[in-house]
Amino acid sequence: MRRLLLVAVMCGAANVAQAADMPDLPFLRGSFSDGLSTSTVNWQGGYIGGHAAYGTSNMNFASSTRTIAARLLDGTEMEQVQRISEWPIMGKVSAHGEGFGGFVGYNFQWTDVVVGVELNYTHGKFGGSQTGSMSRIFTLPSGYTDSVTYQGTARMNISDMGTLRVRGGYAYGSFLPYMFAGIALGQADIIRTARVFGTQVNPAAAPVFQNIPFDVSATDAQYSHLIYGYSFGIGTEVMLISGLFLRAEWEYVRFASSVDTSINTVRAGLGYKF
């Protein structure tokens with residue numbers, strides 16, 4: 001019995017020594033799942049930065065002066081019969097612009113998935129203008145033959161715009177491609193002018209009313225007017241060194257106002273993650 005116990009003790013000691021000499025294999029310490037991660041950069045935390053932007057403003061000035069013209073001609077026979085205020089005198093315009101600004105946000109990271117919130121601001125020159133007119137000759141039920149020209153001018157300049165975004169991305173090495181969406185606010189000057197002029201002729205009317213010229217106009221100007229809408233886009237960031245990163249992105253912003261406006265911008269930026 002003593003000999004059997006001695007043999008058992010010696011075998012156990014040999015097994016322990018053999019285990020101590022074995023290499024530290026990854027699957028023994030539970031690191032196999034860690035090896036699936038592609039992220040080598042910690043994107044978690046707050047960040048701040050600046051950017052430069054270049055883009056195109058797309059504006060639809062159709063119907064932008066309709067309400068002004070309708071007020072000018074309210075109660076007149078020519079408006080009731082011909083609907084002059086609804087004549088299509090203007091349309092779509094595209095114009096290029098540029099700007100600069102900054103951003104600040106915070107990232108949350110789960111392995112390679114990064115989700116964050118960001119406040120983004122751009123100051124620049126975006127917008128455009130258009131002038132259009134239409135002329136017609138028609139006879140009204142009252143017997144007057146009218147020669148009418150409806151002329152409109154509209155201009156929209158957006159100097160400031162900001163977005164509050166929610167974004168999500170997937171970290172791959174030093175790169176962080178992402179998508180985002182959010183609400184947008186802007187500050188714009190919107191100036192619209194409507195003018196209607198011409199003559200009314202009725203040989204059968206009393207002499208003083210046989211030939212009547214008319215010329216009416218009005219301007220609606222809104223300066224530093226608040227506009228709102230939504231935004232979405234895509235981008236990518238690359239970590240350079242010690243929290244310093246580069247950014248490139250595309251953003252689409254749509255504003256709801258008296259002039260239907262959308263702005264597409266491409267941006268390049270530099271930021272720092274704390």
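The rules behind the values
Residues numbered from 1 in each chain as written. Predicted model: local features only at pLDDT ≥ 70, side-chain atom pairs only at ≥ 80, totals over all residues. Heavy atoms only, no water. Salt bridge = Lys/Arg side-chain N within 4 Å of Asp/Glu carboxyl O. Helix = DSSP H or I, 4+ residues; strand = E, 2+ residues; numbered from the N terminus. Pairing = 2+ DSSP bridges. Axes fitted to C-alpha atoms, helices over the stretch in contact; angles between N-to-C directions. Phe/Tyr/Trp six-rings, centres within 6.5 Å; stacked < 30°, edge-to-face > 60°. Buried < 20%, exposed > 50% of the residue type's maximum accessible area, 1.4 Å probe, protein only. Lys NZ or Arg CZ within 6 Å of the ring centre and 35° of its normal. Contact = heavy atoms within 4.5 Å. Polar contact = N/O pair within 3.5 Å; in protein donor to acceptor, adjacent residues only side chain to side chain. Core = buried A, V, L, I, M, F, W, Y, C linked by side-chain atoms within 4.5 Å. pLDDT = per-residue confidence, 0-100.

## Overview of the pattern of salt bridges
Point 1. Under the criterion given, the structure shown has 11 salt bridges.
Point 2. With a closest N to O distance of 2.8 Å, Arg247 and Glu118 form a salt bridge. Here Arg247, found in strand 7 (residues 244-256), pairs with Glu118, found in strand 3 (residues 113-139); they are 129 residues apart in sequence, far enough to count as distant.
Point 3. Between Glu249 and Arg165 there is a salt bridge; the shortest N-O distance is 2.7 Å. With Glu249 in strand 7 and Arg165 in strand 4 (residues 145-170), the pair connects residues that are 84 residues apart, well separated along the chain.

## Considering the sheet that holds strand 3
Point 1. Here we have 8 strands rolled up into a closed barrel, ordered 1-2-3-4-5-6-7-8, and antiparallel in their pairing. This sheet shows a mean twist of 15 degrees between the axes of neighbouring strands, independent of strand direction.

## Digging into the packing of aromatic side chains
Point 1. Here the structure, examined in full by the defined rule, presents 10 aromatic pairs.
Point 2. Judged by centre distance (6.4 Å) and plane angle (40 degrees), the rings of Phe103 and Phe245 are tilted. Residue Phe103 is located in strand 2 (residues 92-110), and its partner Phe245 is located in strand 7; the two are separated by 142 residues in the primary sequence. The burial state of Phe103 is the same as that of Phe245; both residues are buried.
Point 3. Seen in terms of ring centroids, Tyr272 and Phe274 are 5.4 Å apart; in terms of plane orientation they differ by 80 degrees. Their pairing is edge-to-face.
Point 4. Grouped by ring-pair contacts, the aromatic residues Trp43, Tyr47, Phe103 and Phe245 constitute a single cluster.
Point 5. Against the face of Phe180 rests Arg165, its NZ or CZ located 3.8 Å from the ring centre.

## Regarding the environment of Lys273
Point 1. Tracing the chain through its elements places Lys273 in strand 8 (residues 260-273).
Point 2. On a C-alpha basis, the gap between Lys273 and Leu244 in space is 6.5 Å, while along the polypeptide they are 29 residues apart.
Point 3. Every residue in contact with Lys273, bar those within four places of it in the chain, is listed here: Asn42, Trp43, Gln44, Gly46, Tyr47, Met239, Gly243 and Phe245.
Point 4. For Lys273, the side chain forms a polar contact with the main-chain oxygen of Gln44, separated by 3.0 Å.

## Remarks on the nonpolar core
Point 1. Grouped together as the largest cluster of nonpolar side chains are 32 residues, with contacts concentrated most on Met78, Ile84, Val148, Tyr150, Ile158 and Phe255.
Point 2. Only helix 2 (66-72), strand 2, strand 3, strand 4, strand 5 (175-201), strand 6 (211-241) and strand 7 provide two or more residues apiece to this core.
Point 3. If one sorts the elements of this core by residue count, strand 4 sits on top with 6 residues.
Point 4. In this structure Val148 touches Met78, Ile84, Trp87, Met134, Ser135, Arg136, Phe138, Val196, Phe197 and Phe214, once residues within four positions along its chain are discounted.
Point 5. Of all hydrophobic cores here, the second largest spans 9 residues; its members include Val41, Phe103, Val114 and Phe245.

## What to know about unusual backbone geometry
Point 1. Notably, Thr111 is not glycine yet its phi reads approximately 55 degrees, a positive angle.
Point 2. Structurally, Thr111 can be placed in the loop between strand 2 and strand 3.
Point 3. Of the residues examined, Thr111 reaches a relative accessible area of 56% and is grouped as exposed.
Point 4. Residues other than glycine seldom take positive phi values, yet Ser224 does so here, at roughly 50 degrees.
Point 5. Counting through the fold element by element, Ser224 comes out in strand 6.
Point 6. Since its relative accessible area comes to 48%, Ser224 is described here as partly exposed.

## A few points about the confidence of the model for the chain
Point 1. Of all residues in the chain, 86% have pLDDT values of 70 or greater, and the mean over the chain is 88.
Point 2. Low pLDDT, under 50, characterises residues 1-36; the stretch is placed with 3 contacts to residues that sit more than four places away or in other chains.

## A few points about the environment of Leu270
Point 1. Topologically, Leu270 is positioned in strand 8.
Point 2. C-alpha of Leu270 to C-alpha of His51: the two residues are 219 residues apart in sequence and 6.5 Å apart in space.
Point 3. Apart from residues no more than four positions distant in its own chain, Leu270 is found in contact with Gly49, Gly50, Phe103, Leu240, Leu244, Phe245 and Leu246.

## Comments concerning the side chain of Glu118
Point 1. The exposure class of Glu118 is buried, given its relative accessible area of 1%.
Point 2. For Glu118, the side chain forms a polar contact with the side chain of Arg247, separated by 2.8 Å.
Point 3. Setting aside residues no more than four positions away along its own chain, Glu118 makes contact with Tyr47, Phe103, Val104, Gly105, Thr163, Leu164, Arg165, Arg167 and Arg247.

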